Amino acid sequence: LPRRILTHGWWTAGGEKHARVLRFPGKKFRQQRWNAGYWEWKAPAFSLPYRLDRLHAAAPDRLILWVEGEKDVESAEWLGFTATTSPGGVDGVGRLDLQALGVLVGRTVVILPDNDDAGRRYAYRVRAMLRQVGAKASVLAPSRHGPKGEAPERGDLTDWGGAGGTRAVLDGLIAGIA
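Trainee: Before we move on, can you summarise the nonpolar core with the specific residues and values?
Mentor: Of all hydrophobic cores here, the largest spans 22 residues; its most connected members are Trp66, Leu101, Leu104, Val109, Ile111, Val126 and Leu130. Of all elements in the fold, only helix H1 (52–57), strand S5 (64–67), strand S7 (108–112), helix H3 (117–132) and strand S8 (136–139) reach the threshold of two or more residues within this core. Counting residues per element, this core draws most heavily on H3, at 5 residues. Residue contacts for Leu104: discarding those within four places in its chain leaves Leu55, Ile64, Trp66, Val109, Leu130, Gly134 and Ala135. Among the nonpolar cores identified, the runner-up in size contains 19 residues, and Trp10, Ala19, Leu112 and Leu173 belong to it.

This is the structure we're talking about:
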């Protein structure tokens, strides 16, 4: 089979190019930033939340899911949620632009971490950052978001959906933490 490179574009709130993440076979990632008309092989100096334009377009009372990675954002969107993440996974959260996170002030954000120690650390760092900017943020523990009450070991939202997780189940789990 041909080896696919997946590209995830990051846009400003106004719809301008900001950065992109390329996912290569073997779960290898590289970042590029937009620099006056061309893609440069460098991570941006600061990072915006993924799908920032969609966060701005979402109704103020709409629940936002924060997941770990672009693939899981797309899985959340497939389930009908508005979702976001930070670039670079666990290591990228520290480069997030706090001003850009202002779009989440007063919003309810539920963080769904990957089911591993790094994912849990990531979730609590994200929660602290979101609360710092005035979002109502909580973490849905990975041990709770499996279709039968458990998440696959080292699994993520995409794995959970592949194991039979549904929007109705996730809505119920989210209601249980509110």
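Trainee: Outline the side chain of Ser86, supporting the account with residue identities and numerical values.
Mentor: As for its placement among the helices and strands, Ser86 is situated in the loop between strand S6 (82–84) and S7. Assessed through its relative accessible area of 1%, Ser86 is described here as buried. In this structure the side chain of Ser86 is engaged in a polar contact, spanning 2.8 Å, whose partner is the side chain of Tyr122. Sequence-distant contacts of Ser86, defined by excluding residues within four places in its chain, comprise Trp10, Trp66, Gly92, Val93, Leu96 and Tyr122.

Trainee: Could you give me a rundown of the environment of Leu22, with the residues and numbers involved?
Mentor: By the element assignment, Leu22 lies in strand S2 (residues 17–24). For Leu22, a relative accessible area of 9% translates into the label buried. Measuring from C-alpha to C-alpha, the distance between Leu22 and Leu6 comes to 5.6 Å, with 16 residues separating the pair along the chain. Among all residues touching Leu22, those that are not within four sequence positions of it are Ile5, Leu6, Thr7, Lys28, Phe29, Arg30, Gln32 and Trp41.

Trainee: For the environment of Trp41, give the residues involved together with the corresponding values.
Mentor: Among the secondary structure elements, Trp41 is positioned in the loop between strand S4 (38–40) and H1. Expressed as a C-alpha distance, the spacing of Trp41 and Ala19, which sit 22 residues apart in the sequence, is 9.9 Å.

Trainee: Got a sec to walk through the sheet that holds S7? Specific residues and values, please.
Mentor: Whether parallel or antiparallel, the strands of a sheet pair through hydrogen bonds between backbone atoms. With parallel pairing, the 4 strands of this open sheet are ordered in space as S6-S5-S7-S8. Sheet topology places S6 and S8 at the edges, where each strand pairs with a single neighbour. Across the sheet, the axes of successive neighbouring strands diverge by a mean angle of 25°, strand direction being ignored. With 4 bridges connecting them, S7 and S8 associate as parallel partners. Bridge pairing in S8 links Thr108 to Lys136. Strand contacts of helix H2 (residues 70–78): S5 and S6, with the helix running at about 175° to S6, the strand carrying the most contacts. The sheet strands contacting helix H5 (residues 167–177) are S5, S7 and S8, and the helix crosses S7 at an angle near 115°.

Cut-offs used in this document
- Residues numbered from 1 in each chain as written.
- Predicted model: local features only at pLDDT ≥ 70, side-chain atom pairs only at ≥ 80, totals over all residues.
- Heavy atoms only, no water.
- Core = buried A, V, L, I, M, F, W, Y, C linked by side-chain atoms within 4.5 Å.
- Buried < 20%, exposed > 50% of the residue type's maximum accessible area, 1.4 Å probe, protein only.
- Helix = DSSP H or I, 4+ residues; strand = E, 2+ residues; numbered from the N terminus.
- Contact = heavy atoms within 4.5 Å.
- Polar contact = N/O pair within 3.5 Å; in protein donor to acceptor, adjacent residues only side chain to side chain.
- Pairing = 2+ DSSP bridges.
- Axes fitted to C-alpha atoms, helices over the stretch in contact; angles between N-to-C directions.

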